[in-house]
Amino acid sequence: MAGLASVPGVQAVSSADANPLGRAWTHNFRVPGTEHETFEATVTPVTDGFLETMRIPVRAGRAFSRSDLDPEGASAVIVNEAFASRYFGREPSVGRTLDTRFGDDNSPSAHEIVGVVADTRYDLRKPAVPTIYIPLQLRTSGRLHIRVTGDPMAIA
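On a predicted model such as this, the values are computed, not experimentally measured, just so you know.

Caption draft 1: Here's a closer look at the overall build of the protein. From N to C terminus, the protein includes four helices and nine strands. Along its sequence from the N terminus, the protein presents helices and strands in the succession α-β-β-β-α-β-β-α-β-β-β-β-α. A buried classification covers 38% of the 156 residues belonging to the protein. Sequence separation of 24 or more characterises 70% of the internal contacts of the protein that already satisfy a separation of 6 or more.

Printed below as a string of structure tokens:
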């Protein structure tokens with residue numbers, strides 16, 4: 001991706017497993033200590049820079065950093081406003097912990113919410129659904145997202 005970022009006219013480059021207005025997948029989570037012991041949310045694996053590329057504003061906390069993508073320590077997650085509102089109400093979301101099973105070994109792990117972002121939608125006919133962004137590991141492939149200035153076909 002670094003090579004693409006250096007192309008004149010390219011503003012931002014990132015990768016994601018799903019696209020807004022594309023197909024998304026859901027996963028079950030637990031929020032210990034709340035009335036929502038188990039719930040389902042849309043999951044979007046993304047690399048660092050995805051929020052900037054897609055111009056999704058961070059409302060609280062932070063976006064992913066390069067260190068969040070390290071498979072050894074990937075425990076950070078970002079949630080959207082619909083998620084924060086539904087499951088935490090007026091309570092702060094940043095710093096809260098979610099329990100889930102993402103790994104190949106199906107063992108439970110804790111994930112810290114490091115940011116809250118504006119809502120995006122996968123279906124324009126429906127309101128935004130609770131969404132969790134997880135780190136797309138650097139060794140994993142995804143769909144490239146490139147923001148450019150000028151004519152995108154000229155850069156292609």
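So much for the structure itself; the text now carries on.
Caption draft 2: Representation of the pairing of strand 7 (residues 109-117). Sheet analysis places strand 4 (residues 58-61) next to strand 7, joined by three bridges and oriented antiparallel. Across the sheet, the residue bridging to G61 is G115, located in strand 7. In the sheet, strand 5 (residues 76-80) pairs with strand 7 via five bridges, with the strands oriented parallel. Within strand 7, the residue paired with N80 across the bridge is V117.

Caption draft 3: How the structure looks around the packing of aromatic side chains. Scanning all chains against the criterion turns up three aromatic pairs. Measuring from centroid to centroid gives 6.3 Å for F50 and Y133, while their planes differ by 40 degrees, and the two rings are tilted. Of the two residues, F50 sits in helix 2 (residues 50-53) while Y133 sits in strand 8 (residues 131-135), which places them 83 residues apart along the sequence. Like F50, the residue Y133 is buried in the burial classification.

Caption draft 4: Spatial organisation of unusual backbone geometry. The phi dihedral of R55 is positive, around 55 degrees, even though this residue is not glycine. Looking at the secondary structure, you find R55 in the loop between helix 2 and strand 4.

Caption draft 5: Main features of helix 3 (residues 81-88). Inspection of helix 3 places A82, F83, A84, Y87 and F88 among the buried residues, and these make up the whole buried set. Those residues of helix 3 hidden inside the fold are in contact with strand 3 (38-46), strand 5, strand 6 (97-100), strand 7 and strand 8. Positioned one or two residues after helix 3, G89 has a phi angle of 60 degrees, which is positive.

Conventions adopted
Residues numbered from 1 in each chain as written. Predicted model: local features only at pLDDT ≥ 70, side-chain atom pairs only at ≥ 80, totals over all residues. Heavy atoms only, no water. Helix = DSSP H or I, 4+ residues; strand = E, 2+ residues; numbered from the N terminus. Buried < 20%, exposed > 50% of the residue type's maximum accessible area, 1.4 Å probe, protein only. Contact = heavy atoms within 4.5 Å. Pairing = 2+ DSSP bridges. Phe/Tyr/Trp six-rings, centres within 6.5 Å; stacked < 30°, edge-to-face > 60°.

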